[in-house]
Each structure stands twice: as structure tokens, then as C-alpha cells.
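# Inside the fold
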Amino acid sequence: MPKYQKPKGTRDLDENTTFKFEVIRSLFLAISRFLGYSHVEIPIFEKTNLFERSTGESSEIVTKQMYKFQDKKNREFALRPEGTPGLIRAAIENNWLNSHNGDKFSYFGPFFRYERPQKGRYRQFFQLGAESIGSNNVESDAESIYLLSFLLKELEIKHVIKLNSLGEQEERLRYIESLQQWLTNNKTKIAKEDCINIEKNPLRILDSKKPATVKGIKEAPKIHEFWTKETSDRFKKLTNLLEAANVNYQVDEFLVRGLDYYTSTVFEASGHDGAQDAYGGGGRYNNLISELGGKNIPAIGFACGVDRIASALKIDQIKPFCIFIPLGEKCREKAFGIISKMWSNSVSVKPYWNESNLGKALKRANSIGSKYVIVFGEKEMQNNTLLIKNMKNGDQKEIPINMSSIMSALGLDE
RNA sequence: GCGGGUGUAGCUCAGGGGGAGAGCGAAGGGUUGUGGUCCCUUAGGUCGCGGGUUCAAAUCCCGUCACUCGCCCCA
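I will try to describe carefully the structure that is included in this document. Going along each chain's sequence as written, the residues are numbered from 1 onward. Note on labels: chains are lettered from A, ligands numbered from 1, in written order. Two thresholds apply to this predicted model, a pLDDT of at least 70 for residue-level local features and 80 or more for giving and counting side-chain atom pairs, whereas whole-chain, interface and lining totals are computed over all residues. With hydrogens and water stripped out, all remaining heavy atoms of the structure feed into the side-chain values.

### Side note on the pattern of salt bridges
A carboxyl oxygen of Asp or Glu within 4 Å of a side-chain nitrogen of Lys or Arg is what we treat as a salt bridge. The tally for this structure, following the rule as stated, stands at 14 salt bridges. Note that Glu143 is salt-bridged to Lys104, the shortest N-O span being 2.9 Å. One end of the pair, Glu143, is in helix H5 (residues 138-154); the other, Lys104, is in strand E5 (residues 104-112), and 39 residues separate them in sequence. Residue Glu143 is classed as partly exposed on the basis of its relative accessible area of 24%. Accessibility expressed as a relative area gives 14% for Lys104, which makes it buried. A salt bridge links Arg284 to Asp141; the shortest N-O distance between them is 2.6 Å. Remark: Asp141 occurs in helix H5 and Arg284 occurs in strand E10 (residues 278-284); sequence separation between them is 143 residues. Considered together, Arg284 and Asp141 belong to a single accessibility category, that of buried residues. Among the ionic contacts, a cluster of salt bridges with common partners joins Glu46, Arg89 and Glu93. Secondary structure elements are defined from DSSP: runs of H or I of at least 4 residues count as helices, runs of E of at least 2 residues count as strands, and each element is numbered from the N terminus. Exposure categories follow from relative accessible area, calculated using a 1.4 Å probe and restricted to protein chains: below 20% of the type maximum is buried, above 50% is exposed, and the middle band is partly exposed.

Dropping the structure here:
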């Protein structure tokens, strides 16, 4: 039992995982910039009330899951449990929405929620997200969904986009009323754990995973029955756009999202990896900006769980290209000069500064899968040569110490 | 916040009241400057922690902590 252990729900990421994170981050930045998003970074903690006002006073994220603390002047802060509120705050505060910085933003970073950890769910987790602010046209919905799907597609992660619309406020309120009534009259058809939500948050019951509810809720009224013609047309248009763009989507009448600020379009990218099968999700939030003190500007966005994508990513283990083995003290000093020359010529090489037993060094190099090994011992020093060995087939040759010979022996001379 | 499973060597795990085990890995040797295969040898453990039952506990009981899977919630 180690003396110190990491806090519950946090992770120590090894080289392979950080490499996956890096691949995801750089691809996301490239794609989102390609689509006209500006990348921003904002604080990891904010005033607590920012999240209370936006994420929702009734949501479990705010009521139970925030890491809250006071600073030395007793101001109330919280580690950010999600990205959208901080981003909107920053956009309003910095007048980003009026400048030429663009009105679409992407972000990537750590978030914090106090929850019981399980597969794909951590207390410190990473999300990437994109917010498209300023347009209520359905094309911007399609663009946001396209970005999420495009990213996953480029990472070769199988997924389907679940799609629904919560409609405008009046439609939603009428639907909730009708749903509540149906639930009250049909309590026996849903799991009793879900019944407590009838008053509090009936929409949540729609995406319950309790078998009884999944079965019973199918008979409940559907939200599309309450859509106005405008909403229906808009949704139809959205599906047409997605089809034209080859997005693999699926209408899901039971998709609702957990955050209070969503309106109209909601979507989610799901895979099939256990309980936490959603890679990412988002939706439109046309009222949030004005609620946070900005103008009445519509917006849509999504967030995506980086830990979850990373665990679905198939990438080969990273192997060093070349190991350099100086044999003994005398050779090390000269070796450093050669190695630094290789580095400055963009040749990846990992020196073993602490291994002068050739057999052991080769064994180590072999076990981590190095493609080449360069040996520099007293023999080589006398001859003014390097011994380059191909670890795949065992071929080795002695070459003079100059960059062109090294490059060609390592197969880099094209 | 609720429920299930698991904690024994660096790793994966077997054992289930009386000797602390295997495989892999590590270290050394066969091969003093040549890895992968093979052979030999060695090291490494308060059996998560605390308490209880017992002549005797890794083993049974209680508690606790950690990990893990699920519910809730959500990315």
C-alpha cells in the first residue's frame, strides 16, 4: 500500500494515454479551426453563482457535484463542472461577440464533478467543446452536429448521433404538463425509483435506464405531438441537412438532456461502451446568454468526454525510433555531441546514459520495441565510427560519424 | 447518496483454519561488446488496515479504507 494515493476519481495518465489525448486535442483544434471556430482557454474555477444560474439550481451537478471553496477573502468559487457557462461569461465579459475574434469558440481542458467514479466517469475529467453563438438558423445546428460527428469519424470511432428537439418553451411546457399527467395516471408502468421525478423533472424519466421505465414509457405522449408546424419544419430541415452531409443520425424521441438551459435541438453521440456510452452531447441554448447578462443572442454547442474517446481510440503503443548506447564513461562525452547533432537534424533518438552493459542495453531496447540501436563503444571511438543495428532483422553495420551516413543507415535519406 | 464484486510478490492471479504459492517480469549466470529462443540460480510478501472468535486466522466474523462495476446523474 503506497503511502500517498491519488484522490479518488482522478487519474495518472501514462505516456500512451497522454499521447491519445494529444491526438484528440490537436485533431479537434485543427478541425474546429477549419470550420471557423476560435480556440480559447478560460479559468478552471469561476464564481459559484455562475454555475448556479446557468447549469441550473435544480440540476444535480449544481446541488451535489460541485467542488466549492472559499478564497482568503471568503469569496465563493467552484471548480468548473462544465464548460458552457464560463465560456459564455468570457464572451460577454471580453466583448468577443462584437469583435472580429469570431463568434464560434472551442475549448479543451479539465472539469470537476464530485460523483461516484465508474467506467468512463471521473471526478477530474477532460472535455472538449464547441459553442456556436449568434445564429438561430437551423444550418448552425447542423454545423455543430457535423463538427462533433466529423471529429469522431476522423478518429475512427464508431458512433451514432441521437437527435431530438425539445421545441420552444410553450410547446415544452404543454408537453411537460401532458407527460406529468400521463405519468401520474400510469405510475405502475414505470420503475418506482423514477416516480420521484414526476413532479421534479418529468423529462428525465424519458431517458431512464430502468428496464420497467424503458418499456412503459413508450406508451407515454411524445414531444413531437406537441411541436408546432414551425418546430416540425425546422426539425425536418435539420434532418435533411444532416443527411446531405452524410451524418449518421437517428431520431430519438426520448432524448432529453440533463442541463436546464437546453431549448429546441438536442443531440448526443453514443457508442457502445458500457453504461457511460455517450461520447458527447449538446444542444441549443437560446436563453442562456441573456440570462447571464448578455444580449438576447441564440447559441448552440456541445461537449465531449475526452477520457471516453481516448479509451475507445485504437492507437499503437508508442515505440522509440532509435536507442543510442554509449559504452562507458569515456564514450558518453563524445556521444553527447553526436546525439545533439542528430536531434538538431530532427532525428529522434533516445540515449541510455546509464547503461554500459551492451547485452542489457540491447535487451531493454528490444523490449520497448526500438527500431534501431546505435552502439558507440571504445572500438567505435578508435575507428571514429558508429555501429548501427536494425533490431527487426539483426543487420548491423559500422559507419563513419557524419550526418549523411547516419541518416542513410537509419533509412531517413529520402 | 444507494447496491454488487475484488484487495495475497513489480504485474496477472490460484489457495480458503495449522508449512506463503504459480506464471510473467526483475536481477545474476550459461555467452567478460550483441537483444528476441532455450537452460540454471536468486531476490522480492506485516496475504489492504484495525479489531474479534480460536490453542492456532491469508482463510471465519465485525468494522474500515482502496479499487472496480452498476444505479442515480452526466461528457
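### Things to note about the protein's contact with RNA strand B
By nearness alone, 51 residues border RNA strand B, and Arg113, Arg121, Arg204, Lys210 and Arg257 come closest of all. Counted by atom, the contact set of RNA strand B within 4 Å of the protein is 51% sugar and phosphate. Within the side chain of Asn197, one N or O atom sits 3.2 Å away from a phosphate oxygen of RNA strand B. Looking at the surface near RNA strand B, the elements with two or more residues in it are helix H3 (60-64), strand E6 (124-133), E10, strand E11 (299-305), helix H15 (358-367), helix H16 (378-383) and strand E15 (385-390). Broken down by element, the residue count for the surface near RNA strand B peaks at 6 residues, all from H15. Residues are counted as near a molecule or strand when any one of their heavy atoms sits within 4 Å of it. Pairing of N or O atoms within 3.5 Å defines a polar contact, subject to two protein rules: one partner must be a possible hydrogen donor and the other a possible acceptor, and residues neighboring in sequence count only if both atoms are side-chain atoms.

### Observations concerning the sheet that holds strand E8 (residues 249-251)
With mixed pairing, the 8 strands of this open sheet are ordered in space as E1-E5-E6-E11-E10-E9-E7-E8. The open sheet has two edge strands, strand E1 (38-39) and E8, and neither has a second partner. Here the rule is simple: two strands pair whenever DSSP picks up at least two bridges between them. Taken together, the 6 bridges between strand E9 (residues 263-270) and E10 define a ladder with antiparallel strand orientation. Bridge pairing in E10 links Ala269 to Gly280.

### Points about the pairing of E15
Along a regular strand, successive side chains alternate from one face of the sheet to the other. Summarising burial for E15: 5 of the 6 residues are buried, a large majority. Judged from the 5 bridges that link them, E15 and strand E16 (residues 396-400) form a sheet pairing that is antiparallel. Within the sheet, the bridge partner assigned to Leu387 lies in E16 and is Glu398. Where E15 folds back onto E16 in an antiparallel hairpin, the turn is made up of 5 residues, including Gly394, whose phi is positive at roughly 80°.

### Observations regarding the nonpolar core
Counting residues in hydrophobic clusters, the biggest one holds 79 residues, and the most contacted among them are Ile24, Leu128, Ile217 and Ile309. When residues in this core are grouped by element, the largest group, 7 residues, is from H5. Apart from residues no more than four positions distant in its own chain, Leu128 is found in contact with Ile24, Phe28, Tyr107, Phe108, Leu151, Phe302, Ala303, Cys304, Val306 and Ile309. If you look at the next biggest cluster of nonpolar residues, it comprises 19 residues, including Cys331, Val347, Val349 and Leu410. Among buried residues, the Ala, Val, Leu, Ile, Met, Phe, Trp, Tyr and Cys ones that are joined through side-chain atoms within 4.5 Å form a nonpolar core. Note on contacts: a residue pair qualifies if any of its non-hydrogen atoms lie within 4.5 Å across the two residues.

### Description of H5
Expected span of a helix: the number of residues minus one, times 1.5 Å. Helix length check: H5 (17 residues) gives 24 Å between terminal C-alpha atoms against 24 Å at 1.5 Å per residue, within 8%. Taken as a whole, H5 has its buried residues at Val138, Ser140, Asp141, Ala142, Ser144, Ile145, Leu147, Leu148, Ser149, Leu151 and Leu152. Glu156 sits one or two positions beyond H5 and adopts a positive phi of about 60°.

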